[in-house]
Amino acid sequence: MSRLILISGAGASGKSEYAEKLAVDMHEDRLIYVATMSAYDDESRKKIDIHKKRRINTDFETIEKPYDIEEIIPYIVPYDSNKRSTLLIECISNLLANEMYGRAETDGMTGICNNSKLKALPSQRIIDGIKAVADTRLADIVVVTNEVFADGIEYDSSTMEYIRQLGRINCELAAMADSVVEVMCGRPVIWKGQ
Amino acid sequence: MILVTGGMAQGKLDYAMSELGVTDYDDGVIGDTDCIYNLQKAVMNEDFDSRLDKYIILHPDCVIICDEIGSGIVPLRREDREWREKTGRVCCELAKRADAVYRVFCGIGMQLK
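Scope of this entry: the structure provided in the associated data block. (Residues numbered from 1 in each chain as written. Chains lettered and ligands numbered in written order. Predicted model: local features only at pLDDT ≥ 70, side-chain atom pairs only at ≥ 80, totals over all residues. Heavy atoms only, no water.)

**A closer look at the overall build of chain A**
Next, step 1: What chain A contains, in helices and strands, is 5 helices and 7 strands.
Next, step 2: When its helices and strands are written in sequence order, chain A yields β-α-β-α-β-β-α-α-β-α-β-β.
Next, step 3: Here the C-alpha atoms of chain A give a radius of gyration of 16 Å, agreeing with the 16 Å that 2.2 N^0.38 yields for 194 residues.
Next, step 4: Expressed as lengths along the three principal axes of its C-alpha atoms, the size of chain A is roughly 45 × 40 × 35 Å.
Next, step 5: Across the 194 residues that make up chain A, the buried fraction comes to 48%. (Helix = DSSP H or I, 4+ residues; strand = E, 2+ residues; numbered from the N terminus. Rg over C-alpha atoms; globule rule 2.2 N^0.38 Å. Buried < 20%, exposed > 50% of the residue type's maximum accessible area, 1.4 Å probe, protein only.)

**What about the interface of chain B and chain A?**
Next, step 1: At the junction of the two partners, chain B supplies 18 residues and chain A supplies 21 residues.
Next, step 2: Around 1,600 Å² of area is buried between chain B and chain A when both sides are counted, 73% of it from carbon and sulfur atoms.
Next, step 3: When the buried area of chain B at its contact with chain A is split by residue, B:M8, B:F105 and B:C106 rank highest and sum to 39% of it.
Next, step 4: At the junction of chain B and chain A, the tally comes to 1 salt bridge.
Next, step 5: With a shortest N-O distance of 3.0 Å, A:E182 and B:R103 are connected by a salt bridge.
Next, step 6: Here chain B and chain A share 5 residue pairs in polar contact (both at pLDDT 80 or more) between them.
Next, step 7: Those elements that provide at least two residues to the side of chain B that touches chain A are β5 (100-105) and β6 (108-111) of chain B.
Next, step 8: Per-element tally for the side of chain B that touches chain A: the top contributor is β6(B), with 3 residues.
Next, step 9: Tallied by class, residues from the side of chain B that touches chain A come to 8 nonpolar, 8 polar and 2 charged. (Contact = heavy atoms within 4.5 Å. Buried area = accessible area lost by both parts, 1.4 Å probe. Salt bridge = Lys/Arg side-chain N within 4 Å of Asp/Glu carboxyl O. Polar contact = N/O pair within 3.5 Å; in protein donor to acceptor, adjacent residues only side chain to side chain. Nonpolar A, V, L, I, M, F, W, Y, C, P; charged D, E, K, R; others polar.)

**Some points on the packing of helix α2 (residues 48-58) of chain B against helix α3 (residues 78-97) of chain B**
Residue and element names in this part refer to chain B.
Next, step 1: Running from N to C, α2 and α3 cross one another at 25 degrees; their axes reach a closest spacing of 13 Å. Between α2 and α3, the angle is such that the two are roughly parallel. Viewed along their axes, α2 and α3 form a crossing whose handedness is right-handed. For the pair α2 and α3, contact is made by F48, D49, L52, D53, I56 and I57 and by K86, V90, L94 and R97, respectively.
Next, step 2: Partitioning the contact of α2 with α3 into residue classes produces 6 nonpolar, no polar and 4 charged. (Axes fitted to C-alpha atoms, helices over the stretch in contact; angles between N-to-C directions. Parallel < 35°, antiparallel > 145°, perpendicular 65-115°, else oblique. Left-handed = near helix turned anticlockwise from the far one by under 90°.)

**A few points about the pattern of salt bridges**
Residues and elements named next belong to chain A.
Next, step 1: Under the counting rule described, the total for this entry stands at 23 salt bridges over all chains.
Next, step 2: Among the ionic pairs, R54 bridges to E17, the shortest N-O distance being 3.5 Å. With R54 in helix α2 (residues 42-55) and E17 in helix α1 (residues 15-26), this pair connects stretches of sequence that are 37 residues apart.
Next, step 3: Taken together, the shared-partner salt bridges in this structure form one network comprising D68, E99, R103 and R125.

**Quick look at unusual backbone geometry**
Next, step 1: In this structure, the amide linkage connecting A:E90 to the following residue, A:C91, adopts the cis form with an omega of -5 degrees.
Next, step 2: With respect to the element layout, A:C91 can be found in the loop between β4 (85-90) and α3 (92-101).
Next, step 3: Backbone geometry places A:D68, a non-glycine residue, at a positive phi of 50 degrees.
Next, step 4: Note on placement: A:D68 falls in the loop between β3 (60-64) and β4.
Next, step 5: One non-glycine residue, B:A9, lies in the positive phi region at around 60 degrees.
Next, step 6: With respect to the helices and strands, the residue B:A9 is situated in the loop between β1 (2-6) and α1 (12-19).

**Remarks on the packing of aromatic side chains**
Next, step 1: Under the counting rule described, the total for this entry stands at 5 aromatic pairs over all chains.
Next, step 2: Where A:W191 meets B:F105, the ring centres are 4.9 Å apart and the plane angle is 25 degrees; that geometry is what we call stacked. Here A:W191 is found in strand β7 (residues 187-192), whereas its partner B:F105 is found in strand β5 on a different chain. Pair check on accessibility: A:W191 and B:F105 agree, each one buried.
Next, step 3: Look at B:Y25 and B:Y37: their rings are 5.5 Å apart centre to centre, the planes differ by 80 degrees, and that puts the pair in the edge-to-face class. On the criterion of sequence distance, the pair formed by B:Y25 in the loop between α1 and β2 (26-27) and B:Y37 in strand β3 (residues 35-37) is long-range, its members being 12 residues apart.
Next, step 4: We classify B:Y25 as partly exposed; its relative accessible area is 31%. (Phe/Tyr/Trp six-rings, centres within 6.5 Å; stacked < 30°, edge-to-face > 60°.)

Here you go:
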């Protein structure tokens, strides 16, 4: 059975470095970075460059997939059929923002979809997509998500909906996962598994 | 009394229902069921402290669920700062008094006390 590990933490908590190191240590076959951020401005390009530089001199291959995460399946087959690839999917908060606001089929303001092909909620599409990837057993998966739930601020309704859907994804992925880790100051707090 | 805390949308109510035996609850108010959900919505109400105190005496086996709301920038508006401060302090006091305290994260509970 392939393994699913969920990594969460606040902004700049060191969760990416932790997840990258974990994926590097785990991998026995292909090591694949699934990048979900689409470069739409200088700030995102800068962030992408920092993450890219960190992966220089590592075995990471990169797949860019801002939405429809299940479409990576044909590209993650391990070289050795007795082994599994290791995926690092970074990160769910970008994936959800892209699913809600970044695609032609959805309303860029509300994140609501008006295309019958995308009937399911954005959160459900991501949960189903990651489950589909896990079910192939082609890869062990490290998923990075984000902690944005405890500032007590009442944002606009679209943002509140985004936060609720992200919370739902985190709960569902945690239920599926073999391990759940919260990273604080670069240190892991183990919530499930080991 | 059991206190359950954690960020919004983390599955605190589901956790309380599946793991702590909660069947019925009052949302955002001090009511007469054995569970208060969204306590943070009630903390600025009139006579909150004395009413909560009475509630806990009448419901010694209650489960109180409160959002963690302090992990952001200090709010600009005074009312928001007072609400945030009050909620945090209420949770600290409840945690002292509680038989058990849980923090829920991604639907998983961690016992802090």
